Amino acid sequence: MMKEINFGLQGYRLLQAPNMTLVQMMSYIIHPPSGPVVVIDGGNTGDADYLRDEIMKRGGEVEAWIITHCHDDHYAALIEIMNNPGGVKINRIYYNFPPQEWINQTEPVYKVQTGKIFDLLHTYTDICTVVCEGDVIEPAGLKIEFLHDPAKVCNLIDPSTNNGYAVNDTSLVFRIAFPNEKTALFLGDLGPYAGDMLAERYGKKLKSDIVQMAHHGQNGVNKNVYEYVQPEICLWSAPMWLYDNDLGRGFNTAKYKTVIVRGWMEELGVKVHVVEGEGPAIIY
Ligand SMILES: [Fe+2]
């Protein structure tokens, strides 16, 4: 069943897609009152069929597809849809990845997957744009401002010592302003290190009405970022096992920090939580 939340977006609709496999992922569609949509990430390969259907229900044309960072629980559905579009037309892809060699050094186990997305982006350079901190794009009547890009951290992190977390810190961070000035901050999988940099750089300027909880709601940015954001709505791109920190032994019995982060948001007085694992949800 579709969860619907009236937040006064004046004809705009933000869909948080549910995970179609057991694995965590991140996938959003923003649908303006008319015309093509905006997609953020898209999820795993197993999430592609759902996403393609939802894009087709909205006319099939994607004006802007933003990939937050180079991890396959974010970009694999895009590869699947590019290879099997089924009517979907993508006008432009926005991303910013560190050099492929840098990623391979920090995440050698994902070398094959990483190669696939780099190959795809190289094949479709005519529709790809690399975005940087300070850039603003305006698809579908939205204003999207980029606040963080890989250049901020790549030179500061030694990829050979970082066990893969480095790529999370290269996530694009961006704030979407709807025409009525309601805002949604997307943090991708940003981790504590880059999160602290973000808090220091922007402070209270991070204030936003909606926030996508960093790194699927746990082990992402520190509480200081959320204190600056002061959101009214939290978007949790987490399946229920991750949201409840439960790998089969009951609530809060696994190793994830989601329940701690849920506590932070309770302290901040957030009343509306939209959880990927609960099924599709629309904020409108
Ligand atoms: Fe992720």
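The structure this text deals with has already been given above.
Keep in mind that what you see is a predicted model, and the values were worked out from it rather than measured.

Undergrad: Would you mind going over helix H10 (residues 258-267) with me for this structure?
TA: Think of an α-helix as 3.6 residues a turn; residues three or four steps apart then line up on the same face. Along H10, the residues classified as buried are Thr258, Val261 and Arg262. End-on view of H10: buried residues confined to an arc of 105°, all on one side of the axis. Facing away from the buried side of H10 by more than 90 degrees, the exposed set consists of Gly263, Glu266 and Glu267. Of the surrounding elements, those touching the buried residues of H10 are helix H9 (240-243). Note on H10: the residue one or two positions beyond its end, Gly269, has a positive phi of about 85°.

Undergrad: For this particular structure, what's the right way to read unusual backbone geometry?
TA: With the exception of glycine, most residues fall at negative phi, and the peptide bonds are largely trans. Of note in this structure, Asn219 is not a glycine but carries a positive phi near 55°. In this fold, Asn219 is placed in the loop between strand S13 (210-212) and helix H8 (223-229). Here the phi dihedral of Gln230 falls at roughly 50°; this positive angle occurs in a residue that is not glycine. Topologically, Gln230 is positioned in the loop between H8 and strand S14 (233-236).

Undergrad: Would you take a moment to explain helix H7 (residues 192-202) for this structure?
TA: For H7, the full list of buried residues reads Ala194, Gly195, Leu198 and Ala199. The buried residues of H7 occupy an angular sector of 145° when projected down its axis, which confines them to one face. Its buried side turned inward, H7 meets strand S10 (143-148), helix H5 (151-154), helix H6 (165-169), strand S11 (173-177) and H8. Positive backbone phi, at 50°, marks Gly203, one or two positions downstream of H7.

Undergrad: Mind showing me how you'd approach the packing of helix H2 (residues 72-83) against helix H4 (residues 111-123) here?
TA: At their nearest, the axes of H2 and H4 sit 10 Å apart, and the two run at 50° to each other. By the angle class used here, H2 and H4 are oblique. Of the two elements, H2 crosses H4, and the hand of that crossing is left-handed. On H4, the residues touching Asp72, Tyr75, Ile79 and Met82 of H2 are Gln113, Lys116, Ile117 and Leu120. A per-class count over the contact of H2 with H4 returns 5 nonpolar, 1 polar and 2 charged.

Undergrad: So what exactly am I meant to see when it comes to the sheet that holds S11 here?
TA: In sheet architecture, strand pairing relies on hydrogen bonds along the backbone and comes in two forms, parallel and antiparallel. Reading across the sheet, the 7 strands line up as S9-S10-S11-S12-S13-S14-S15 and stay open at both edges, with mixed pairing between neighbours. Of all the strands in the sheet, just strand S9 (136-137) and strand S15 (272-275) have a single pairing partner and so form its edges.

Undergrad: Whenever I open this one, the packing of helix H1 (residues 48-57) against H2 confuses me. Can you help?
TA: Geometrically, a packed helix pair is captured by the angle between its two axes and the distance between the axes. Relative to each other, H1 and H2 sit at 65°, their axes nearing to 9 Å. Judged by the inter-axis angle, H1 sits roughly perpendicular to H2. Our pair here, H1 against H2, has a crossing hand that is right-handed. Together, Ala48, Leu51 and Arg52 of H1 and Ala77, Glu80 and Ile81 of H2 make up the contact between the two elements. Tallied by class, the residues present in the contact of H1 with H2 amount to 4 nonpolar, no polar and 2 charged.

Calculation notes
- Residues numbered from 1 in each chain as written.
- Predicted model: local features only at pLDDT ≥ 70, side-chain atom pairs only at ≥ 80, totals over all residues.
- Buried ≥ 20, exposed ≤ 12 C-beta atoms within 10 Å, placed from the backbone.
- Helix = DSSP H or I, 4+ residues; strand = E, 2+ residues; numbered from the N terminus.
- Arc of directions from axis to C-beta.
- Contact = placed C-beta atoms within 7 Å.
- Axes fitted to C-alpha atoms, helices over the stretch in contact; angles between N-to-C directions.
- Parallel < 35°, antiparallel > 145°, perpendicular 65-115°, else oblique.
- Left-handed = near helix turned anticlockwise from the far one by under 90°.
- Nonpolar A, V, L, I, M, F, W, Y, C, P; charged D, E, K, R; others polar.
- Pairing = 2+ DSSP bridges.

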